[in-house]
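Structural overview
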Amino acid sequence: MDSIIVTGNGPLAGQIPIAGAKNSCLALMPATLLSDEPLTLTNAPRLSDIATMTTLLQSLGAEVSALQEGKVLAMSSHDLTSHTADYDIVRKMRASILVLGPLLARYGEAVVSLPGGCAIGARPVDLHLRALEAMGAELDLRDGYVHAKAPGGLKGGVVEFPFVSVGATENALMAATLAKGTTVLKRAAREPEIVDLAQCLRKMGAQIEGEGTDTITIQGVDRLHGATHPVVTDRIELGTYMLAPAICGGEVELLGGRRNLLAAFCDKLDEAGIEVTETEKGLLVKRRADHIKAVNVTTEPFPGFPTDLQAQMMALLTTAEGVSVLEEKIFENRFMHAPELMRMGAKIDVHGGTATVTGVKKLKGAPVMATDLRASVSLILAGLAAEGTTRVARVYHLDRGYEHVVRKLEGVGAKIERVHGS
Ligand code: EPZ
């Protein structure tokens, strides 16, 4: 297993290009199952999660070709050979559940393994299943699989989510495009990735209104046609790299970044003393003074502060002046980066879903362990500003969501290298 070695090296300067959104691409790819015509995605990120989704779609008989070194995904599900998503693929990535809605809508049947939990929580899929049942699906859970049927096709219905779920909104949205009649999704997720998916489905001929609000209305159609669609910029990669100059000092321009993708996050950075300026190429980020102010953070569904940036924000706040309180309201176990940051000298008190961070002058480099995707990158951010050298082990977690991390950070002056072996 590879490690990444980071040595604190002072202020950063330069530009970092931001890739297409992993979490949008993972929903856009299953949309190919909704049509027998080709769906092509551009600006796709080159990540191991995308490779996993590719393998899953190919296991169903779909064609997925990664062109231009993986930036373009040319897909076609004209001749599917299976409607079963096997456990050995699904267990690697929870987003695999997103083939359920499309398979059911197009073929009237699907057998999809339950994804199981992951490091950050149990992550059930009950909201996905309830939504499909509200559209007439008959579901039978046995041997760890969802056996789903919709013999006469799905029917439009009202889906009232008890709380916001990004994945359940995506599954229901895709299924509803081919359901007979009108479907209304209430308390729908509002993330930019939902808007991106709706825009792609509309290009394919779907009739959708209200994406980006908490109520989405879909008028089912008989069939969808092919399309070409660019994946939206990855706001989580964007926010992650915005924190590099915030933590180290200096000035970095994030190419492709737009403030509207991360308004609540930018407001928090502003409160902490970080200046974010929109340029025609992206977002320019630098500290206003040589110290960071402590701030309180509560993670919420979009447009609130994103849970996927909580670990990275904690890394920044470990050396802020004062005490910061971070509340993780989305997942039940998303503070695993805290003990690793404490090995670097951070002062963090975790009680349930609340972490209290007391700022220290400087962190000290140390050997640390990545536990999940966003925790791993928060350790790298901490290492950028720490005194001495930090070795982050098990960086395969990182490869799931960040392409070329070493190259991107080296490009702005960081002292960072990837070594083989743990
Ligand atoms: C998506 O996961 C993202 N993944 C996550 O990013 C992100 O953290 C999350 O949305 C929240 O923004 C992808 O898009 C591939 P949810 P998802 O359904 O859809 C519970 C990353 O780092 N829940 O909005 O799985 C769930 O357990 C990943 O890129 C149910 O109880 O998230 C969680 O506590 C991590 N039942 C909460 O709701 C359900 O049926 C929100 O989950 C569904 C969800």
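Residues numbered from 1 in each chain as written. Predicted model: local features only at pLDDT ≥ 70, side-chain atom pairs only at ≥ 80, totals over all residues. Heavy atoms only, no water.

1. So, the UniProt feature "binding site: UDP-N-acetyl-alpha-D-glucosamine" (unreviewed entry) in the protein chain
The residues that UniProt annotates with the feature "binding site: UDP-N-acetyl-alpha-D-glucosamine" (unreviewed entry) are Arg94, Arg123, Pro124, Val125, Asp126, Leu127, Asp308 and Ile330. Locating valine 125 in the fold gives a position in the loop between β7 (109–113) and α5 (126–133). Aside from chain neighbours lying at most four places away, what touches valine 125 is Arg94, Ile97, Leu114 and Pro115. As for its position among the elements, aspartate 126 is in helix α5. On the accessibility criterion, aspartate 126 (34% relative accessible area) is partly exposed. (UniProt positions renumbered as here; feature names shortened; annotations may be inferred. Helix = DSSP H or I, 4+ residues; strand = E, 2+ residues; numbered from the N terminus. Contact = heavy atoms within 4.5 Å. Buried < 20%, exposed > 50% of the residue type's maximum accessible area, 1.4 Å probe, protein only.)

2. What about the UniProt feature "domain: Enolpyruvate transferase" (unreviewed entry) in the protein chain?
With numbering matched to this structure, UniProt assigns "domain: Enolpyruvate transferase" (unreviewed entry) to residues 7–409. Secondary structure content for residues 7–409 is 31% helix and 25% strand, and the end C-alpha separation is 12 Å.

3. Some thoughts on the packing of helix α8 (residues 235–248) against helix α9 (residues 263–272)
The N-to-C vectors of α8 and α9 enclose an angle of 10°; their axes lie 11 Å apart at closest approach. With respect to their mutual orientation, α8 and α9 come out roughly parallel. Mapping the contact onto sequence places Gly239, Met242 and Leu243 in α8 and Phe265, Cys266 and Leu269 in α9. Among the residues forming the contact of α8 with α9, the class breakdown is five nonpolar, one polar and no charged. (Axes fitted to C-alpha atoms, helices over the stretch in contact; angles between N-to-C directions. Parallel < 35°, antiparallel > 145°, perpendicular 65-115°, else oblique. Nonpolar A, V, L, I, M, F, W, Y, C, P; charged D, E, K, R; others polar.)

4. Some words on the domain arrangement of the protein chain
If you check the domain split of the protein chain, you get domain 1 (3–19 + 234–419) and domain 2 (22–230). Using only C-alpha atoms to locate each centre, domain 1 and domain 2 end up separated by 31 Å. Counting from both sides, the interface comprises 22 residues of domain 1 and, opposite them, 20 residues of domain 2. Together domain 1 and domain 2 conceal approximately 1,700 Å² of surface at their shared face, both sides included; 51% is due to carbon and sulfur atoms. When the buried surface of domain 1 facing domain 2 is broken down by residue, Phe302, Arg400 and Glu403 rank first, second and third, together holding 34% of it. Along the contact surface separating domain 1 from domain 2 lie three salt bridges. A salt bridge links glutamate 193 to arginine 235, with the shortest nitrogen-to-oxygen separation between them at 2.8 Å. The tally of links between domain 1 and domain 2 comes to seven residue pairs in polar contact (both at pLDDT 80 or more). Grouping the amino acids of the side of domain 1 that touches domain 2 by side-chain chemistry returns nine nonpolar, three polar and ten charged. (Domains from an automatic or database assignment. Buried area = accessible area lost by both parts, 1.4 Å probe. Salt bridge = Lys/Arg side-chain N within 4 Å of Asp/Glu carboxyl O. Polar contact = N/O pair within 3.5 Å; in protein donor to acceptor, adjacent residues only side chain to side chain.)

5. Observations regarding the nonpolar core
With 145 residues, the main nonpolar core has Met29, Leu57, Leu173, Leu201, Met242 and Met313 as its most contacted residues. Sort the elements by how many residues they give to this core and α8 lands first, with nine residues. Discounting chain neighbours no more than four positions away, the residues touching methionine 313 are Leu243, Phe265, Lys268, Leu269, Val295, Val297 and Phe305. (Core = buried A, V, L, I, M, F, W, Y, C linked by side-chain atoms within 4.5 Å.)

6. Overview of the packing of aromatic side chains
Across all of its chains, the model carries two aromatic pairs by this definition. Geometrically, the ring pair formed by tyrosine 241 and tyrosine 402 is edge-to-face, given 6.3 Å between the ring centres and 85° between the ring planes. Here tyrosine 241, found in helix α8, pairs with tyrosine 402, found in the loop between α13 (396–399) and α14 (405–410); they are 161 residues apart in sequence, far enough to count as distant. Taken as a pair, tyrosine 241 and tyrosine 402 share a single burial class, namely buried. Measuring from centroid to centroid gives 5.7 Å for phenylalanine 265 and phenylalanine 305, while their planes differ by 55°, and the two rings are tilted. With phenylalanine 265 in helix α9 and phenylalanine 305 in the loop between β18 (297–298) and α10 (310–317), this pair connects stretches of sequence that are 40 residues apart. Like phenylalanine 265, the residue phenylalanine 305 is buried in the burial classification. (Phe/Tyr/Trp six-rings, centres within 6.5 Å; stacked < 30°, edge-to-face > 60°.)

7. Section: helix α4 (residues 100–107)
Of all the eight residues making up α4, six are buried; the element is thus mostly covered by neighbouring parts of the structure. Buried within α4 we find Leu100, Gly101, Pro102, Leu103, Leu104 and Ala105. Buried-residue contacts for α4 involve β7, α5, β9 (145–149) and α6 (166–176). Immediately beyond the C-terminal end of α4, within one or two residues, lies glycine 108, with a positive phi of roughly 75°.

8. Concerning the site of the ligand
Near the ligand lie 23 residues; those nearest to it are Arg94, Asp126, Leu127, Asp308 and Ile330. Arginine 94 is positioned such that a nitrogen or oxygen atom in its side chain is 2.7 Å from an oxygen atom of the ligand. A distance of 2.5 Å separates an oxygen atom of the ligand from a polar backbone atom of isoleucine 330. For the ligand, the protein covers 88% of the area, taking 820 Å² as the surface of the free molecule. When residues of the shell around the ligand are traced back to their parent elements, those giving at least two are α1 (22–28), α5, α6 and α12 (373–385). For the shell around the ligand, the per-class residue count stands at eleven nonpolar, five polar and seven charged. (Near = heavy atom within 4 Å. Areas by Shrake-Rupley, 256 points an atom, 1.4 Å probe, with all protein chains shown as cover.)

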